[in-house]
Amino acid sequence: MYELFPLSVAQTVRSKQGIKKIFFSQQDGDDFIVQWLNQLFKEAEQVNADNQYITEACTIDTTIPYSMEVPIVGFNSSRFDISLIISQMQCKDWTISNYIGSASTAKQVIVHHKKLNLKVKFVDMLTYLQPMELKQAAKDFGDGYDDRKGLFPYEAFNTDNVNEVLSKSEPFTMEDFNSSLKKTKISEKDYQIYLEDAKRFKNRWDYLQFYNEQDTYIMIKPLMTLISLQFKYKIDMFSFMSMAACSNAIKYAKAYEDFNINGIYPNFDDNSQKFYLTENYWQSKVKGYLSQDKHKKRDTTNNVQDNDFDYFKQLFKVSNCSICGCKFTFDNKPTLDRIDNSKGHSKDNVLPCCLYCNCFCSDKDKNIGKLFIQLRKYCMIRCLPTNLTDIDVYHLIRKWITGGLSNVMHRVNRSGIDFIKRLYYNKEAKKVTVLTTDHRITHVVGVDFNSLYPSVMSSEPHKFIKYTGGKMYMCGSQTGKIMGDNDHSKQTILRIINSNKRFTQEGRLFIAEVKGHIQEDYLNDFINFPPILRNYEFTTDERTIGSYMFNHMKDNKIKT
Ligand SMILES: [Zn+2]
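Residues numbered from 1 in each chain as written. Predicted model: local features only at pLDDT ≥ 70, side-chain atom pairs only at ≥ 80, totals over all residues. Heavy atoms only, no water.

A.B. asks: Could you give an account of the coordination of the zinc ion, naming the residues involved and the relevant values?
C.D. replies: Working reference: metal with six octahedral donors, ideal angles 90 or 180 degrees; metal with four tetrahedral donors, ideal angle 109.5 degrees. Within the protein, the zinc ion binds to Cys321 (SG), Cys324 (SG), Cys354 (SG) and Cys357 (SG); these donor distances fall in the range 2.2 to 2.3 Å. Each of the four donor atoms bound to the zinc ion contributes to angles spanning 102 to 118 degrees, and the resulting shape is tetrahedral. Donor residues for the zinc ion, ordered by position in the chain, follow C-x2-C-x29-C-x2-C. Of the two residues, Cys321 is situated in the loop between α10 (309-318) and β7 (334-338) and Cys357 in helix α11 (residues 355-361); the sequence distance between them amounts to 36 residues. Here Cys321 and Cys357 have matching classes, each one buried. (Donors = N, O, S within 2.8 Å, 3.2 Å for Na, K, Ca; no water. Tetrahedral: all angles 85-135°; square planar, octahedral: opposite > 155°, others 65-115°. Helix = DSSP H or I, 4+ residues; strand = E, 2+ residues; numbered from the N terminus. Buried < 20%, exposed > 50% of the residue type's maximum accessible area, 1.4 Å probe, protein only.)

A.B. asks: Pulling in residues and values, what's your account of the nonpolar core?
C.D. replies: If you look at the biggest cluster of nonpolar residues, it comprises 24 residues, and the most contacted ones within it are Trp36, Val111, Val120 and Phe122. When contributions to this core are tallied by element, the ones reaching two or more residues are β1 (8-15), β2 (18-25), α1 (32-51), β3 (70-74), α2 (80-85), β5 (106-113) and β6 (118-124). If one sorts the elements of this core by residue count, α1 sits on top with eight residues. Contact partners of Val120, with chain neighbours within four places excluded, come to Leu40, Phe41, Ala44, Glu69, Val70, Ile72, Val109, Ile110 and Val111. Grouped together as the second largest cluster of nonpolar side chains are 22 residues, Cys321, Ile323, Cys353 and Cys354 included. (Core = buried A, V, L, I, M, F, W, Y, C linked by side-chain atoms within 4.5 Å. Contact = heavy atoms within 4.5 Å.)

A.B. asks: How would you sum up helix α3 (residues 134-141)? Please name residues and give values.
C.D. replies: Side chains three or four residues apart in an α-helix point the same way, a direct result of the helix having 3.6 residues per turn. Residues Leu134, Ala137 and Ala138 constitute the buried set of α3. Taken around the axis of α3, the buried residues stretch over an arc of 100 degrees, which confines them to a single face. Where the residues of α3 are buried, they touch α6 (204-217) and α7 (220-231). (Arc of directions from axis to C-beta.)

A.B. asks: So what about unusual backbone geometry? Which residues, and what values?
C.D. replies: One non-glycine residue, Asn76, lies in the positive phi region at around 55 degrees. Tracing the sequence through the fold places Asn76 in the loop between β3 and α2. Since its relative accessible area comes to 42%, Asn76 is described here as partly exposed. For Lys430, which is not a glycine, the phi torsion comes out positive at approximately 55 degrees. Within the secondary structure, Lys430 is located in the loop between β9 (419-426) and β10 (431-440).

This is the structure:
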């Protein structure tokens, strides 16, 4: 039996001031973890100060508040390391303000220092990587692997003799490095490297410090690589808690890449005539504004009048919406937006504006209101995803979204060597078997996961996508719903299906619910179309699927 106890803690701080290493161990006292956390908050305070937005006069810009948690990154720390320090994360000076994960795995822990009003966020670097060793991460994501990870004989001492063993000045012996936990021994070459390193230190405690600090130091380069991979898209990696979430953020960053808050994004589907002001319309507006202002108890002495008609007729003719820049039409009539919300509809306090923009912004901050309006318009024009608002459409789509377990079989197909295989349905035996044809594979036309999914997600063009202009589009917005329950609607549906534009960029994408049935005699004409096998019930006992697949499913805990 082994009892594990914290022996030391090391940290490398990267800030504007440069790189700094911190180390605490049992030699500093039993409360060395708390001492370290105290130091950690001091360093975080500096990092936080460095991150503030600065005005031209070099003072902190209070108009752009910045209060992000300072990330503290461990390597494979979410299970083991965090559990050794979690009890010290709650005390009179600081407290856990957010914990995400399970009892055994802390995916993210945010600790709030009450006096400094500062938050730090403990995360695991493996959140952003495939499961791998630190050494491998340093090699793959560092620059050229010049930062060596050393070795330390953790099993050469125990709680009773730790100080005695580590205070010795002579180096550890080769046997000290034997690990019964990992069942490993040190190689002669690695031991010689260790002996060289050890010469530089007064005793083994000092070597421990060097070893621990080096272990955190070699995380810096790979971390910076990962951060900049995401930051290229203006994404803060530490705001997300998985690789998938980061990829998703990149997808949206790409989709909204050339968004401009001052861009002109015309209203979707507005083909109505350009707006011109009539006297009747103006008079009703004047009346409306007056009662609105009176109701809100605003000063109405300088309010717009019936005789301002010519002025506003001209103004509406020559100007566009002051918020979104759109033209005024009969489907998008102008209204008057008050510049100063505390004042009424006086001539010098109003700007022409769409009804939608005016209502949406109402008493909100103008810039934030404008941002939302422009994002929405950009989204409509680019056919980017929006929420469904029609419950029937939701059910129609949801019904055919299948998820859950999937079993992916990898088969190596070598060009010019392997033969193309086909599925064949044997009517008599009522069985599907795989046939090897006489034809050899010449090309690989698509690699699942690796190239097709990103195409779907980003709408990046790819020549393999033969239709819709070489792009796979993300779902955009619902533009309509047609029930094929009468002749007229059936004609409309057929027009969309048979449209010449269907496989061009102007083609309309649609979801059609159809019933399919293939008579048994014709099954072999269709069996090689994978979608036909959707929602197919498989018998998965050993007799049917063979022992190889059966054991594969069992080994991977897939229900058989
Ligand atoms: Zn507008």
